[in-house]
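Understanding the architecture of this molecule
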Amino acid sequence: MTAEQTIDGIFEPESEDRSKIDKKLKYYTASQWQLVWWRFRKHRVAMIGALVLITMAIMGIFANFIAPCKITTRDRSYIMGAPQMPKFWDHKGFSFRPFIHGIKTKRDPVTLRKLAVVDPETRRYIRFFVTGDKYKMWGLIPSSIHLYGLEKGILHLFGTDELGRDLFTRTLFATGTSLSIGVLGVLTAFVLALIIGGIAGYAGGMMDYLIQRITEIVRVVPVIPLYMGLAAAFPKEWSNTQVYFAMTMIFGLIGWPTLARRIRGHLLGQRGEDFVLAAELSGASAGRIITRHLLPSFTSYIIVDLIISFPYMILSETALSFIGLGLRPPSVSWGILLQDAQNIRAIEQAPWFFIPAIFVVVAVLAFTILGDGLRDAADPYSVTQG
Amino acid sequence: MLRFLVHRIFGLLVTMFFVSIMVFIIMELPPGDYADRYAFRKFSGTGVNVTQGDIDNIRHGFGLDRPAHIRYAQWMTGILTRFDFGESFAYETSVNHVIGQRLWMTLAILYTTLILTYVLSIPIAIYAAVNRHSSVDYSLTVVSYLGLALPNFLLALVMLYVSVTVFDTSVGGLFSPEYEKAPWSLVKLGDMLQHLIIPAVVLAWSATALQLQTVRATMLDELNKLSVTAARARGIPEWKVLMKYPARLAVNPVVSTIGFDVNRIFSELPIVALVLGLPELGELLIQSYLDLDMYVAGAILMMLTFFIVIMNFVSDVALAALDPRIKLSGV
Amino acid sequence: MKPMPDKVPTPSDLLIDVQDLKVSFQTDEGLITPVDGVTFQVRKGKTLGIVGESGSGKSVSTRAMVKLLPKNAIVNPDSKILFYGNGNGTCVDINRLKANSPEIRRIRGGEIAMIFQEPMASFSPVYTIGNQIVEAIRQHRASGMSPLASTATVGSQIMESVQAQKKMKRNDARDLAVEMLDRVGIANPGMRVDQYPHELSGGMRQRAMIAVALSTHPKMLIADEPTTALDVTIQAQIIELIRDLQKELNMSVIFITHDMGLIARVADVVAVMYLGVIVERGRTDDLINDPKHPYTRGLLDAIPRLDRLDRRLTPVAGDIPSPLERPPGCPFHPRCPERRANLCDREMPGRTQMENNRFVRCFLYA
Ligand SMILES: Nc1ncnc2c1ncn2[C@@H]1O[C@H](COP(=O)(O)OP(=O)(O)OP(=O)(O)O)[C@@H](O)[C@H]1O
Ligand code: SF4
Ligand SMILES: [Mg+2]
């Protein structure tokens, strides 16, 4: 017979072309992370979620540069003004450079209140990389360059609030604050869960029982009332930075049990495995065994868990700040911005006050679908043949 | 069965004990104490110069100078023996009086929400799982994602707006003005139920979203079980197969998460109640946190948690009754 | 057994005649056809054994016989599943019956019963064994039947349409369930009938499953790997039980397994399946003593034999391809040690008829 025949009498299947075999070989030798990434890439919705979150993060990180002004800058000519849409044409014709119409102030003949009225005769063109309010990027790099601006005045993409402050600017900064509280909260919860869950899972026995009890209690008390109780204890004289960190602390403090439970379950399951015994026999320390042998096999699950717990942090922060027990003005966060939208009057008179709510919804949705996609990708049982 | 019950009740008591300690700690956390706030409130603006001695007198009068564990014991004894949760600082009357009817309102809202959640989620999720890839199934996925993402206070605002503009009814509160002070009657009950719909819908929204997903996932799981194929192989009519086998088991995770749902509802209740102006415990809780009226807050926190623990217990017992695989012999 | 002339089965002793059965599935990856033109017959009171590796389509083809396939399955409308055991001797084409119609449900469970590989999973964990037997009995048997009538005569009492009759009373059905449990050799049936599946041992569960299946006195039993999950001694007992009951009820059996050794003990006729086609079929003796198809030979070589302990077990080399990448030509050619270049990989071999109603699908015999 031909040289194709191997010693065992098994044929190299000739109908299978080489590229296919290569593909299979690549699949079998790929690392866990490569597998997860390949499967995740197929998940189109989850990819969109990831992109949305990256965009939001960039908005938060570069808020100073993207925003046309500072969060406290007041535009007295445009109080409680509606969002302004950049235009390319009007009754005078087309313009390559986007513009908005100017504003005139009039008095309402009945209430005698000042009213901002669009003046279709004037055009204010939008310029990019303009000089405006001074700021320090990340508190370090002084600059006054803004992504965009008008020749005169401020372009209010999302409108303004009751004090004439630009809602787009405020939303950008709020995005940064709210997301970062989420990140810090999740990280705190994670570190606590790792330590506590690790101890419980590895030590077992009495320690395990005690931690189980604590977990149980944190699980039965309704979460947001509990957060509120802790937040109510923040001294009034605390600075906003202090409140900010205190909030991440309480999110972490109350968020760890779910995570710890999973870590604990996993550790208990793996403790009897051969490779752990082997490591123990060779004299590795407990800490080393946990970090070197036990956790890596669990990393993908941990990441999924972290991603999934983000929405709860974000919604909790929003809820707390919304009722005035969380961050306080002049800080901005999604919850604080939504304080202005607490009543029906706001919906009727200034529906744009709800724009930050869209950010909350989109962020939570994005985290949820991203988490679901990652979970599917990380689940080894979903591997299909070939 | 008896051992099982005793075991669970014991566990319940232990949990409540630890919870009471935690609640007490929360009550003690805010800086300053009742005496400071009492003195400030009583004498501020009156021109009277309050000395540290006066405050100490007040403190002694309230027994606040005793060590924490004694005060904890007194607080607990009051609750356990006389069902007395102490004094409200902001209302200058007993906590029980402040809470009053609000407790029943809270429970009315809770149970309306729970019933609404299960009545909606179970049948829809079962239908969606049986008709996988149907339009109902896809809309279920979308709705349940939205249910998790939409902050409930926002939903409450939207509902308020819709009911005011479209239906021209005010949904704030639990009663129409004419029944507010009226004695209980069937008409008043009907009026209350009408007002309960919106809070129940708002609160049931995310609980339903979660349950839709769980029931659908379990149902899909169960539909693929061999026992279902085996039942079909016996020639049993399809709807009977579905109801008796997969649907019956798809309800189990719902039963086992009743406590979780109650927790979730209570967690969202305060803010929803604040927006909708509902006279119940959640709204009072926020108010008392803002006023640092910690005895009221503590009492509410204890009550809410107590109901969650009780519902956990109910769910454990119901699950054991539903699933013969769960042994009833304790542990 | 003296060689008989090849007798073409006549409708008088045929129970079921499956002709050119094709089943496809709509999947995310596309349309797959795991059963691609399967033809076989089962005679009254006889046993057909179906062997083949995992994924060869054994379960799918037998489930298609009672329309028990999931929603994404498409059965070719030209396929025929002629059932001659329909009460008064008329013949129905099961493939023409509507899914979930009363007729198919009467046949399913009433005339053709099934038992499965995993006895634990075949029972719902939340109902008692008795509950699930009573359910089957009340579905198919009318009232007024004596629960103590000898099992041989009850079969003929099965009503044409139970729906039209009054259902058997719950208590009577329960008595019958206890009797059935007793019949399948479960000790203390009065107690077992009220127990849950998890309270029974594996062997007992399979016995109980047989009790459920046979409680309606079907004309045919499809046993889909009934003993794979059990250990060897219990396996032997269960097979013995099925054989006894088969004789007693004059029932036909389709016995599905991976195990050539087992098939030799139970089947009158064997069909060997590979990737959705029957590659060889014949009387058990003929097939075991003189396997023709290279795949059949491979399967027989895989049986451990006491007289050849020195020889290494030789399972058929290579993997069974996934239904998505079905090889062209003879489906077995990538693994066949005797394949013919330029032929086997291009054309599908036809059926070569041999004596004793035997056929092989292989170019070696064409
Ligand atoms: N619902 C389904 N959807 C898609 N493909 C299916 C479905 N059910 C079965 N298949 C495919 O049909 C093929 C044959 O399956 P079948 O269960 O009949 O094999 P089998 O011979 O019974 O194997 P085993 O010995 O493992 O029971 C398999 O490749 C399987 O992937
Ligand atoms: S047809 Fe060819 S490939 Fe197929 S079994 Fe026969 S010899 Fe082997
Ligand atoms: Mg099978």
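In case you missed it, the structure is sitting above this.
Owing to the predicted nature of the structure, the values given are computational and were not obtained by experimental measurement.

1. A short note on the overall build of chain A
When helices and strands are counted, chain A shows 14 helices and 4 strands. For chain A, restricting intrachain contacts to residue pairs at least 6 apart in sequence, the fraction spanning at least 24 positions comes to 68%. Accessible surface, chain A as shown: approximately 19900 Å² in total, 64% of it carbon and sulfur.

2. Some points on the overall build of chain C
Along its length, chain C carries 12 helices and 13 strands. Per-residue burial for chain C yields a buried fraction of 54% across its 366 residues. Partitioning the intrachain contacts of chain C with sequence separation of at least 6 by distance along the chain shows that 66% fall at a separation of at least 24. Working note: accessible area of chain C is about 16000 Å², and carbon and sulfur atoms make up 51% of it.

3. Some thoughts on the nonpolar core
Counting residues in hydrophobic clusters, the biggest one holds 172 residues, and the most contacted among them are A:M228, A:W334, B:W75, B:I99 and B:Y289. Sort the elements by how many residues they give to this core and helix α16 (residues 294-322) of chain B lands first, with 16 residues. Not counting residues within four places of it along the chain, the set of residues in contact with B:I99 comprises B:L281, B:L284, B:A299, B:I300 and B:M303. One finds C:V38, C:I239, C:L275 and C:C330 within the second-largest nonpolar core, a separate group that totals 100 residues.

4. Describing the site of ligand 1
Residue and element names in this part refer to chain C. Taken together, 17 residues surround ligand 1, and among them S54, G55, S59, V60 and H258 come closest. With respect to ligand 1, the side chain of K58 contributes an N or O atom lying 2.9 Å from an oxygen atom. Contact distances for ligand 1 include 2.9 Å between an oxygen atom and a side-chain N or O atom of E225. Contact with the protein chains removes 71% of the 640 Å² of surface that ligand 1 exposes when unbound. The set of elements that each furnish at least two residues to the shell around ligand 1 consists of β1 (14-27), β2 (30-43) and α1 (58-65). Here the shell around ligand 1 gets 3 residues from one element, more than from any other, and that element is α1.

5. Examining the site of ligand 2
Ligand 2 sits among 13 residues. The nearest are C:C330, C:C336, C:C344, C:C362 and C:F363. Along the lines of polarity and charge, the residues of the shell around ligand 2 split into 9 nonpolar, 2 polar and 2 charged.

6. Regarding the sheet that holds strand β3 (residues 47-51) of chain C
Residue and element names in this part refer to chain C. Spatial ordering of the open sheet is given by β7-β8-β9-β3-β10-β11-β13-β12, a layout of 8 strands whose pairing is mixed. Looking at strand neighbours, the two that pair on one side only are β7 (112-115) and β12 (352-354), the edges of this open sheet. Each strand axis lies, on average, 20 degrees off the axis of its neighbour in the sheet, ignoring direction. Pairing of strand β11 (residues 277-283) with strand β13 (residues 358-360) involves 2 bridges; the strand directions are antiparallel. Counterpart to E280 in the pairing with β13 is V360.

7. Topic: the pattern of salt bridges
With the rule as written, the count across this model stands at 19 salt bridges over all chains. In this structure, B:E283 and B:R102 form a salt bridge, with 3.2 Å as the shortest nitrogen-oxygen distance. Pair noted here: B:E283 is in helix α15 (residues 281-290) and B:R102 is in helix α6 (residues 102-130), with a separation of 181 residues, a long-range link. B:E283 gets classed as partly exposed once you look at its relative accessible area, which sits at 22%. Where C:K292 meets C:D290, a salt bridge forms, and the shortest distance between an N and an O atom there is 2.7 Å. Residue classification places C:K292 among the buried residues on the basis of a relative accessible area of 18%. Connected via shared salt-bridge partners are B:R234, B:K244 and C:E135.

8. Section: the packing of aromatic side chains
Tallying each qualifying case throughout the model produces 17 aromatic pairs over all chains. Between C:Y274 and C:F332, the ring centres sit 5.1 Å apart and the planes meet at 80 degrees, which makes this aromatic pair edge-to-face. Linking C:Y274 in strand β10 (residues 269-274) with C:F332 in the loop between α12 (294-301) and β12, this pair joins segments that are 58 residues apart in sequence. Counting every residue linked through ring pairs, the aromatic cluster contains A:F158, A:F168 and A:F359.

What counts, and where the lines are drawn
Residues numbered from 1 in each chain as written. Chains lettered and ligands numbered in written order. Predicted model: local features only at pLDDT ≥ 70, side-chain atom pairs only at ≥ 80, totals over all residues. Heavy atoms only, no water. Helix = DSSP H or I, 4+ residues; strand = E, 2+ residues; numbered from the N terminus. Contact = heavy atoms within 4.5 Å. Areas by Shrake-Rupley, 256 points an atom, 1.4 Å probe, with all protein chains shown as cover. Buried < 20%, exposed > 50% of the residue type's maximum accessible area, 1.4 Å probe, protein only. Core = buried A, V, L, I, M, F, W, Y, C linked by side-chain atoms within 4.5 Å. Near = heavy atom within 4 Å. Polar contact = N/O pair within 3.5 Å; in protein donor to acceptor, adjacent residues only side chain to side chain. Nonpolar A, V, L, I, M, F, W, Y, C, P; charged D, E, K, R; others polar. Pairing = 2+ DSSP bridges. Axes fitted to C-alpha atoms, helices over the stretch in contact; angles between N-to-C directions. Salt bridge = Lys/Arg side-chain N within 4 Å of Asp/Glu carboxyl O. Phe/Tyr/Trp six-rings, centres within 6.5 Å; stacked < 30°, edge-to-face > 60°.

On their own, these measurements won't tell you what the molecule is for.
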